[in-house]
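Observations on chain architecture
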Amino acid sequence: QVQLVESGGGLVQAGGSLRLSCLASGSIFSINPMGWYRQAPGKQRELVARITRSGHTTYADSVKGRFTISRDNAKNRVSLQMDSLKPDDTAVYYCNTHPDYLNRFWGQGTQVTVSS
């Protein structure tokens, strides 16, 4: 059973910062790209950031310049540093492999709420 455990969410004011962390099973973390996804109320889940094992990163246009994804391969951990947060960033954030069909089990996610 693959496990993904997200943490670090919370309530912040616009312009503030949060750092999200995800601990993942080594069976998928060791070889696969990892991504951070988010799902806002009434919207589809979307990929916001992706990182390969070697450290190549990709970001959604909406978060470029504000979010930074990183990974610690030794600790099976992927992080998302979120700066200059906007109310539109409010969502539940999840980590998983990318493509996500590599792992069909999702964690609980962590709630990020940004107030104006």
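Figured I'd write up the structure that's included with this text.

With that out of the way, let us pick up the state of the cysteines. This structure, assessed with the given rule, holds one disulfide. Across a sulfur-sulfur distance of 1.7 Å, C22 and C95 are joined as a disulfide pair. For the disulfide bridge between C22 and C95, the dihedral angle about the S-S bond is near 55°, and by the sign convention the bridge is right-handed. Placement of C22 in strand β3 (residues 18–24) and of C95 in strand β9 (residues 91–97) is noted, with a sequence separation of 73 residues between them. We note that C22, like C95, is buried.

This part is about the side chain of D89. As for its placement among the helices and strands, D89 is situated in the loop between β8 (77–82) and β9. For D89, a relative accessible area of 1% corresponds to the buried category. Excluding residues within four positions of it along the chain, D89 makes contact with R38, R66, F67, S84, V112 and V114.

Definitions and cut-offs
Residues numbered from 1 in each chain as written. Predicted model: local features only at pLDDT ≥ 70, side-chain atom pairs only at ≥ 80, totals over all residues. Heavy atoms only, no water. Disulfide = S-S within 2.5 Å. Helix = DSSP H or I, 4+ residues; strand = E, 2+ residues; numbered from the N terminus. Buried < 20%, exposed > 50% of the residue type's maximum accessible area, 1.4 Å probe, protein only. Contact = heavy atoms within 4.5 Å.

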